[in-house]
Structures are given as structure tokens and as C-alpha cells.
Amino acid sequence: MNPQTTPASSPSATAFATPWGTLDLTRFPVDPRERLRAWDAADEYLLRHLAGEAAADGAATELAGRRIAVLGDRWGALTTALAPYGPVQISDSHLGRQATRENLARAGAAVDEARLRTTRDTPPERIDVLLVRVPKSLALLEDQLHRLAPALHPGTVVIGTGMVTEIHTSTLQLFEKVLGPTRTSLAVRKARLIFCTPDPALDPGPNPWPHRYALPPDIGPAAGRTVVNHAGTFCAERLDIGTRFFLAHLPTPAPGDRVVDLGCGNGVVGTAAALAGPGAELVFVDESHQAVASAEETFRANLGPDAPAEFRTADALDPAVFALGSVDLVLNNPPFHSHQATTDATAWRMFTGARRALRPGGELWVVGNRHLGYHVKLRKLFGNCQLVAGNPKFVVLRAVKR
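On a predicted model such as this, the values are computed, not experimentally measured, just so you know.

This brings us to the nonpolar core. Core analysis: the biggest nonpolar cluster contains 32 residues, and L215, F246, L247 and L331 have the highest contact counts within it. Going through the elements one at a time, helix 7 (241-247), helix 8 (268-276), strand 13 (281-286), helix 9 (289-303), strand 15 (327-332), strand 18 (358-369) and strand 20 (394-400) are the ones with two or more residues in this core. Sort the elements by how many residues they give to this core and helix 8 lands first, with five residues. Contacts of L331, omitting those with residues within four sequence positions, involve F246, L250, P251, V259, V260, D261, L262, V269, A273 and W365. Formed by 30 residues, the second largest nonpolar core is a distinct cluster that contains F16, L23, V70 and L131.

Taking 1.5 Å per residue as the helical rise, helix 10 (residues 345-357) with its 13 residues ought to reach 18 Å, and the 18 Å between its terminal C-alpha atoms agrees with that figure. What helix 10 keeps buried is the set T346, A347, M350, F351, G353, A354 and A357. Considered in projection along helix 10, the buried side chains sweep an arc of 165° and stay on one side of the axis. Those residues of helix 10 that are buried lie in contact with strand 12 (258-262), strand 15, strand 18 and helix 11 (374-382).

This next bit is on the pattern of salt bridges. Within this structure, the stated rule accounts for 20 salt bridges. In this structure, R133 engages D43 in a salt bridge whose closest nitrogen and oxygen atoms are separated by 3.3 Å. Pair noted here: R133 is in strand 6 (residues 129-133) and D43 is in helix 2 (residues 41-50), with a separation of 90 residues, a long-range link. For R212, the salt bridge goes to E297, with nearest N and O atoms at 3.7 Å. Here R212 is found in strand 10 (residues 211-214), whereas its partner E297 is found in helix 9, with 85 residues between them in sequence. A residue is classified by how much of its surface remains accessible, and R212, at 49% relative accessible area, is partly exposed. Salt bridges sharing common partners tie together D40, D43, R74, R133 and E166.

To continue, consider the packing of aromatic side chains. This model, assessed by the stated rule, comprises six aromatic pairs. Here the aromatic rings of W20 and Y85 are separated by 6.3 Å at their centres, their planes lie at 75°, and the arrangement is edge-to-face. Of this pair, W20 sits in the loop between strand 1 (15-18) and strand 2 (21-24) while Y85 sits in the loop between helix 3 (77-81) and strand 4 (88-91), and the two are 65 residues apart along the sequence. W20 sits in the buried class, given a relative accessible area of 11%. Classification of Y85 as partly exposed rests on a relative accessible area of 28%.

Rules behind the numbers
Residues numbered from 1 in each chain as written. Predicted model: local features only at pLDDT ≥ 70, side-chain atom pairs only at ≥ 80, totals over all residues. Heavy atoms only, no water. Core = buried A, V, L, I, M, F, W, Y, C linked by side-chain atoms within 4.5 Å. Buried < 20%, exposed > 50% of the residue type's maximum accessible area, 1.4 Å probe, protein only. Helix = DSSP H or I, 4+ residues; strand = E, 2+ residues; numbered from the N terminus. Contact = heavy atoms within 4.5 Å. Expected span 1.5 Å × (residues − 1). Arc of directions from axis to C-beta. Salt bridge = Lys/Arg side-chain N within 4 Å of Asp/Glu carboxyl O. Phe/Tyr/Trp six-rings, centres within 6.5 Å; stacked < 30°, edge-to-face > 60°.

See the structure below:
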């Protein structure tokens, strides 16, 4: 790859100008109608700083020959821009990793799978430059800083980046507690940088993750059961009210049914279905590696180490993973945010994937905020939608594949 001459095929929509050339970037799945960009001002600010264009002293950060790790790169913008230096990307997102593969290929860079690691993989043994895209979840940041701290040394350059709405006093305190002295930059285009100096003598204490708690007593078959949450999993410290409402109205699977907990999070919905319907075949799916690890531990804690189940990190009901008509029941609590953006794109992919994967007569059960109007989408897609239960905030909906 020659980063100075990488072309952009669609400058108005996907061209990302970096100090090392212009890149043609996409989110994943690739959708020409997508209006959300694969980078933002925080990515730009960090790259300009590394190149010396935004540094207070005008000096570039030495990257050649150094072991670089990029944590939390959302769509691969940082990893792709720095590809000539061979960075290791550490990501919790399956979609983010797929976007990175696509963007590296678009840039003409080799896709080295060994350098695309998940938050569940063994961290690098040594890191000379650590670049952190601050995640939405403070818990995930805490967990990953604990995991990466042993790889740092006094000379490691640690730089975080994020929009001003993403960097709080608690964020800076976390860097200081786990790694060492921390300061921030001035804001540029509503983005900030975080500078941290690793202190090898610092003792941050043990990593507090994963977190475990017992479910409340009034939610059906899963009442009182243990939930295991790795950092970054949705509602990692308590049962959210939408899932609680869903658990009180779940269907009972028949023996032999193939049931998918789609967007499984900590796996409590699929685990409850397995407890209610012994003999059902459970499949847990999420695009978060932390979530799938949580779901597996939650399921095993309640049904034992030998209970049959599958745990897959994937995008919705990916056709490469789920054959047409191979599923009897899909249980779904879809997210309506992608990082800081509100969008129904994920829910729509989940609904369309469910319809394709369900056998005739198979059912999709969805819980969602009442105001999101999921019943309209389900009627359009399935031709039917039944209200199973509702309260002033949430609805549980059922759609049947005809």
C-alpha cells in the first residue's frame, strides 16, 4: 500500500483525508445508502496529532518500528490509516472488524488476521504506542485498560481520543487509576485527545470484571438465576426494564425447537427460554464478543457445562451462518443506537434476517420501546404482527412467517 496515493472512489460520501493520504472508508455492512460516516473528528484529530500537524510542539509521534495497538477503532479508520506501520487492532465489535477488513482491502493493504484481535483474545505482550478510541461503555474501557496495562512500559506513548461528549471526568480518572498521570488537550471541532504517562509502580488493584448478579424473583423461569456480565455488555450491573418485561411474557419452546436469542447480550433471554423449554436447541448471537462470552457463561452457570447450545459472534442472522428456514423461534430485543447515532438500521437487519432464517410457521418475538413503532416494520415484512403484551413504555410483539 502507498498511503500517499490511495484514491477515494466517492469523495463526497466516503473520502477520509488523513496525513498519509485519502482513504475510501465504509461502515459494515456496506450500504451505498448509508449516510453515517466511518470516521469522525476524533479520528481526524488523533491522526493529525500523530503526524505532528496538531501537536503542541509540532513534533510527529515516532511510529516506524514500534509496536502499535489500536483499541476500540469503530470502523477501522485508525487501523487503515496506520496500516503501513502494522498496528494491532483490538475490538469488541464484529461489525467493526468486518469494516476494518473491507477498508484495508479498499486501501490496498494486506489484511493480516493476526493483527485483528478481539477484546477476548490474549493482549499483545508489549505495546510501544497505545491508541484508544474512547468507547461508550466506561466499564469496557476499565476492563481493557486493566488487560493491556501489563504490556505497557515507561516509554509507551498512550493517546486516547473521543468527542467532548464522550470524555468525562470519570474517563480521565480511569486512565489515571489504571495506567498513570493523565491530561487532556484543547477541544478541536468538538473532539479531544487524552495523554497518559504509564506508571509501572502504580497498583490499580484487580480487574473488577466480569460482574455477576442474581435475577429478581418475579420474571418467570429465570427468577433468582445468576447472570454473568463481561464489561461492555448492555446493562452489565442490573437487569434492564425492557428485558424484565420480555422475560415475563416469553413463549415456551417445544422440544427440538431451534431457538435464537438474537442480540443476546448477557444471554438471559435465551437462558430463560432454555429453562422453560427443556429439549430446545438454543443459539446465542451478538455482534459483541464481550456479549457472546457473557451469554455463554450465563447459560453454563444455569444449565451446566454439557447442555447443548451454540454461541456465535455474527451480524444479525447472517446467511453464511443460518440457512434458509433453519430456525423455529427468534427472540429479539434490538438496539436502536450505533455508538452515538440513533438508527433503526440494526433492528431492520435483525427483522429481515429473522424472516429469512425462520421456517414457515416460525415466529419472531420482539420487545421494544412503544414509541419506536416496530409493529409497522413487522407488518410490512411479515404481513402480520400481534401485540402480546404492553405497558406505557414497552411492547412485546409476535410475527409469524407465512
